[in-house]
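Tertiary structure, described
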Amino acid sequence: MEHANDITLTVNGTQVSRRVQARQHLVDFLREELGLTGSHLGCEHGVCGACTVRVNGEIVRGCLMLAVQADGCRVDTVEGLTDSKELSEIQRAFHQRNALQCGFCTPGMLMAAQDLIRHGRSASRERIREHISGNYCRCTGYQAIVDAIEEVLNGKA
Amino acid sequence: MKAPSFAYAKPRSLAEAFELLERPGAKVLAGGQSLIPTLNMRLSSPELLVDITGLSSFRGITLELGVVRIGALSTHADIEKSEIIAKHVPMLAQAVTQVAHPAIRNRGTLGGSLALADPAAEYPACVVALDATIVVAGKDGERLVKAEGFFKGLFEVDLGPAELVAAVEFPALGKDERSVFLELARRQGDYAIIGLAAHRSATTRFVFLGAGATPVLAKNASSAADLKTAVSVLHQDLDPPADLYNSSATKLHLAKVLLERAWNTLTTSH
């Protein structure tokens, strides 16, 4: 049987068609085939959250989805949501609150944070921590990250 | 790491799926949230992945004649959002919030979790506690398996190589029934150290997860007349395996803590 398949998907609003290896996961496809290196690969087994992207409007682990499974899907990455300005507010809050040090987790963290922001009106710090519980920051900057998300979510200064 | 090479097929019909699953080295891919990590870590090397997510008959959450039927391809997020489940299978609505993290809940499925039967997973304990029925689909049609008999051993269930979990049927919670799901983990969404699915109708069922190779129905504790007796006999029901951080004795202690909490919830009136 074929180990490669033809797929067509919409990435950040642009339709793309490629032939992909079945074994290639979505983030390798985005990074290597499309040059979208904003989505990072940390653990590659679904623990760290650095690879978080949006598929059909919902966040997923990009390393736990095969590119071939994204056939016919709409995929949005940190690049797309930056260009559309959807992330502007949370990016500004991250910047102001110093919510990143090395920045490796930041794209995934932004995607997870924005998922909470767009679905909920307000949330406690505990709820924010729960929502980003699947995203690791190894610089241990959670306090500032929660501050930044809380600021955007609850309009707190 | 990167997954080894394999072929991929996405059948559009059940017949096509069963035909593909009979091929050597074929493996079912649903949400992939447990399978793909094992591929990336090269702990598993199938010849062919059969992506069943195109099988629309395995979707949907319905309530009919006091039975809530949940399609196997329902994701954790579907379960989390379902008003039918919140109202009629509230234990599952409580349990799903303990399943991993939002990005994983958007892809992982009910059927996948049951078919894998991780001993620390939430749903296996819930289906046993609620006396649910697993609908198993095969080439020759469907067969029904009571949840208690479905889990055979560590990662081993009553499912043939070319069979699929199609749906799960739960009795809707009766007016005088109570249920509760409790879990202890070091961090939200982490693997459970120990967990408890408890249901009380005419009889009571305490089913523990993370306490053995399969969900453990604590028979002695379940038939105890009072809390004190239930706690004192729990060691006859459970011999939880130690994990990296918690000894067997610690887990048994924590199981008693959960038992007490659950008992108080089940016996407190609405």
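Residues numbered from 1 in each chain as written. Chains lettered and ligands numbered in written order. Predicted model: local features only at pLDDT ≥ 70, side-chain atom pairs only at ≥ 80, totals over all residues.

**Here's the deal with the sheet that holds strand β10 (residues 164–171) of chain B**
Residues and elements named next belong to chain B. Here five strands make up an open sheet; going across it, the order is β4-β5-β10-β6-β7 and the pairing antiparallel. Of all strands in the sheet, those bounded by a partner on one side alone are β4 (61–64) and β7 (141–146). Taking each pair of neighbouring strands and ignoring which way they run, the sheet shows an average axis angle of 25°. By the bridge criterion, six bridges tie strand β6 (residues 133–138) to β7 in an arrangement that is antiparallel. Its bridge partner being in β7, Val-135 is matched across the sheet by Leu-144. (Pairing = 2+ DSSP bridges. Helix = DSSP H or I, 4+ residues; strand = E, 2+ residues; numbered from the N terminus. Axes fitted to C-alpha atoms, helices over the stretch in contact; angles between N-to-C directions.)

**A look at the domain arrangement of chain A**
Residue and element names in this part refer to chain A. Along its sequence, chain A is organised into domain 1 (4–82) and domain 2 (85–154). Here the C-alpha centroids of domain 1 and domain 2 sit 21 Å apart. Taken together, the contacts link 15 residues of domain 1 with 14 residues of domain 2. Only β3 (52–55) and α2 (78–83) provide two or more residues apiece to the side of domain 1 that touches domain 2. A per-class count over the side of domain 1 that touches domain 2 returns seven nonpolar, seven polar and one charged. (Domains from an automatic or database assignment. Contact = placed C-beta atoms within 7 Å. Nonpolar A, V, L, I, M, F, W, Y, C, P; charged D, E, K, R; others polar.)

**A closer look at the pairing of strand β12 (residues 194–200) of chain B**
Residues and elements named next belong to chain B. For β12, the buried fraction is high: seven of the seven residues fall into the buried class. Neither face of β12 is exposed, since Ile-194, Leu-196, Ala-198 and Arg-200 on one face and Gly-195, Ala-197 and His-199 on the opposite face are all buried. Where strand β11 (residues 178–184) meets β12, seven bridges bridge the pair, whose relative direction is antiparallel. Bridged to Leu-184 within β12 is Ile-194. Sheet topology places β12 next to strand β13 (residues 204–209); six bridges connect them, and they run antiparallel. Across the sheet, residue Ala-197 finds its bridge partner in β13, namely Val-207. Hairpin connection, β12 to β13: the antiparallel pair is bridged by three residues. (Buried ≥ 20, exposed ≤ 12 C-beta atoms within 10 Å, placed from the backbone.)

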